[in-house]
Amino acid sequence: MSHDGVAGLSKRAASGLSVSIVWLLAICCAASVANVYYAQPLLDAIAADFGISHAMVGGVITATQLGCALALFFVVPLGDLLDRKRLVTLQLVALMLALALVCSANSLWLLLAAMVGVGMLGTAMTQGLIAYSAVLAPPEQRGRVVGAAQSGVVIGLLMARVLAGFVSDVLGWRMVYLVSALFALLMLCFLRLLLPNTPRADTGISYQALLGSMFTLLWREKVLWIRGVLAMLMFAAFSTFWSALVLPLSAAPYSMTHTAIGAFGLVGVIGALAAARAGHLTDRGLGQKTTAWALACLLLSWPAIALMDYSIWLLIVGIILLDLGGQAIHVVNQSMILSSRSDAHSRLIGCYMLFYSVGSGLGAIGSTAMYARWSWLGVCGLGFAISLLALLFWRLSMSAMPRRAPAFALQAD
């Protein structure tokens, strides 16, 4: 976890929000977001099971990201209108059904439909719990509590690959989603039992008007769409790597197990935790400089990754640079976006994460297609090109961006 996240967990919050509740929220955020990333180290096994090519199997990730986008636009805003605890309960029940459908899918189209559901409900749960943590926390500790929940998200997305790889090796890829369904059942029990009730938000706005306001934000907020496009490109590069990594490592001469491949996610934790410093630099008015070195890390990661055949250690260095650069950009983006409209934090983050979903989906389908045609060097060429495009876009958009973001960037109203 980041330093702020650990600090938040080390103190008892005021107004009855205990350390155990903060831990519960962080763990449930990790378990929820993991559903979006389980498939990445399993693509070769899924392709073999359904008899499809490496070029087509990237559609599994794209379907999951489509579900993420649907959740961010249509489901996450419901937290402003409905009882949050009841909404979480309904989402967990629906998530268990979607996971069960993945386990039993006997056709590619049924699998893709189930993956849309998993992506939608896993994302809705994650963002809903972050908003819940913001509502429960007293104002003087809200930053630390939300930071702890966000740390859970980072750990969850990185550890998902490790867990998926291990379970797949022992029990098969379908059992990964059955295990996740059991996690969801445990979450349902603990959250229903321990999560405090919150008063229903009295916004005075209809669901249709709430959705319409998100279009307004996308249209009017220049900071949102500029940093959103940058996030789309960054997450496309990120997904390009992680979606295709399993394909060369599972084949000769490496012939690694899914457990070993998933363990590369642990390497990414180093870069992700180091990126926590980006928020402090942005608070000091160094957001643009931080973006510059983060984009440089993103670019430099690809030559190292491309030399994987010569040294696995170069691959590890590349992963650290990729995660460091990507997570740093993500932190700066959120700080700048959330500084533009203090009255619309939830909708701003929902709109911002839409760009993330689009980028991740395009990166997944593009990387597997490139691997099928030009092997690993083609994947690395695509990743480098996307990273270079992100650097050029950032340089052209610098004059439109603020130089400073506030110290506290909250992800919920």
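These figures come from a predicted structure and were not determined experimentally. (Residues numbered from 1 in each chain as written. Predicted model: local features only at pLDDT ≥ 70, side-chain atom pairs only at ≥ 80, totals over all residues. Heavy atoms only, no water.)

A. Broad picture of the overall build of the protein chain. Looking only at helices and strands, the protein chain features 18 helices and zero strands. Roughly 16200 Å² of accessible area belongs to the protein chain as shown, and the carbon and sulfur atoms make up 69% of that amount. (Helix = DSSP H or I, 4+ residues; strand = E, 2+ residues; numbered from the N terminus. Areas by Shrake-Rupley, 256 points an atom, 1.4 Å probe, with all protein chains shown as cover.)

B. Summary view of the nonpolar core. Membership of the largest hydrophobic core comes to 124 residues, with the highest contact counts inside it found for L111, Y177, L191, F241 and W376. With 16 residues, the single largest contributor to this core is helix α18 (residues 345-397). Apart from the residues lying within four places of it in its own chain, the contact partners of W376 are F241, A244, L245, P248, I305, A306, M308 and Y371. (Core = buried A, V, L, I, M, F, W, Y, C linked by side-chain atoms within 4.5 Å. Buried < 20%, exposed > 50% of the residue type's maximum accessible area, 1.4 Å probe, protein only. Contact = heavy atoms within 4.5 Å.)

C. Spatial organisation of helix α11 (residues 222-244). If you check α11, its first and last C-alpha atoms are 33 Å apart, about what 23 residues at 1.5 Å a residue would give, namely 33 Å. Within α11, 20 of the 23 residues are buried, which leaves it mostly tucked inside the rest of the structure. (Expected span 1.5 Å × (residues − 1).)

D. Spotlight on the packing of helix α2 (residues 19-37) against helix α7 (residues 108-136). Two elements in contact, α2 and α7, have axes whose closest approach is 7 Å; the angle formed by their N-to-C orientations is 160°. As summarised for this structure, α2 and α7 are arranged roughly antiparallel, according to the angle between their axes. Seen from above, α2 lies across α7 with left-handed handedness. Contact residues: L25, C28, C29, S32, V33, N35 and V36 in α2; V118, G119, G122, T123, M125, T126, L129, I130, S133 and L136 in α7. Considering only residue class, the contact of α2 with α7 consists of 10 nonpolar, seven polar and no charged. (Axes fitted to C-alpha atoms, helices over the stretch in contact; angles between N-to-C directions. Parallel < 35°, antiparallel > 145°, perpendicular 65-115°, else oblique. Left-handed = near helix turned anticlockwise from the far one by under 90°. Nonpolar A, V, L, I, M, F, W, Y, C, P; charged D, E, K, R; others polar.)

E. Molecular detail of a nonpolar patch on the surface. There is a patch of nonpolar side chains on the surface, built from F183, L186, F190, L193 and L194 and spanning about 490 Å² of accessible area. Structurally, L194 can be placed in helix α9 (residues 173-194). Taking relative accessible area as the criterion, L194 reaches 42% and is therefore assigned partly exposed. (Patch = residues over 30% accessible without salt bridge, like charges linked within 9 Å, V, L, I, M, F, W, Y side chains within 5 Å. Salt bridge = Lys/Arg side-chain N within 4 Å of Asp/Glu carboxyl O.)

F. Region of interest: the pattern of salt bridges. Scanning the model with the defined rule gives one salt bridge in all. Measuring nitrogen to oxygen at the nearest pair gives 3.2 Å for the salt bridge that ties D49 to R174. Taken together, the residues D49 in helix α3 (residues 43-50) and R174 in helix α9 connect sequence positions 125 residues apart. We classify D49 as partly exposed; its relative accessible area is 40%. Here R174 falls in the partly exposed class, since its relative accessible area comes to 21%.

G. Representation of unusual backbone geometry within the structure. A cis amide bond, omega 10°, links A252 with the succeeding residue P253. With respect to the helices and strands, P253 occurs in the loop between α12 (246-250) and α13 (258-262). Its identity is not glycine, yet S255 carries a phi of approximately 50°, on the positive side. For S255, the location among the structural elements is in the loop between α12 and α13.

H. Representation of the packing of aromatic side chains in the model. Going through the model one piece at a time under the given rule, you end up with 10 aromatic pairs. With 6.1 Å between their ring centres and 65° between their planes, F241 and W376 make a pair best called edge-to-face. You can see F241 sitting in helix α11 and its partner W376 sitting in helix α18, a full 135 residues away along the chain. Put simply, the rings of F238, F241, W242, W302 and W376 touch in pairs and so form one group of aromatic residues. We note R161 situated over the ring of W242; from NZ or CZ to the ring centre the distance is 4.0 Å. (Phe/Tyr/Trp six-rings, centres within 6.5 Å; stacked < 30°, edge-to-face > 60°. Lys NZ or Arg CZ within 6 Å of the ring centre and 35° of its normal.)

I. Quick look at the environment of L322. Residue placement: L322 occurs in helix α17 (residues 312-338). Separated by 20 residues in the primary sequence, L322 and W302 place their C-alpha atoms 8.0 Å from one another. Setting aside chain neighbours within four positions, we find L322 in contact with F238, F241, W242, L298, S301 and W302.

J. Seen up close, the environment of L354. With respect to the helices and strands, L354 occurs in helix α18. In the structure, L354 is positioned 284 residues away from L70 in sequence and 8.5 Å away in space, judged by C-alpha atoms. Those residues in contact with L354 that lie beyond four places of it in its chain are A69, L72 and F73.

K. Highlighting the confidence of the model for the protein chain. Per-chain confidence: the protein chain averages 83 in pLDDT, with 84% of residues scoring 70 or above. Of all secondary-structure elements in the protein chain, the lowest mean pLDDT belongs to helix α1 (residues 3-9), at 41, while α9 reaches the highest, 95. (pLDDT = per-residue confidence, 0-100.)

L. Spotlight on the side chain of K85. By the secondary structure assignment, K85 is in helix α6 (residues 84-104). Buried and unpaired, K85 has D83 as its nearest opposite-charge partner, separated by 7.8 Å. At 3.1 Å, the side chain of K85 and the backbone oxygen of R192 are in polar contact. Excluding anything up to four places from it in sequence, K85 contacts Y132, L191, R192, L195, P196 and N197. (Lys, Arg positive; Asp, Glu negative; His and termini not counted. Polar contact = N/O pair within 3.5 Å; in protein donor to acceptor, adjacent residues only side chain to side chain.)

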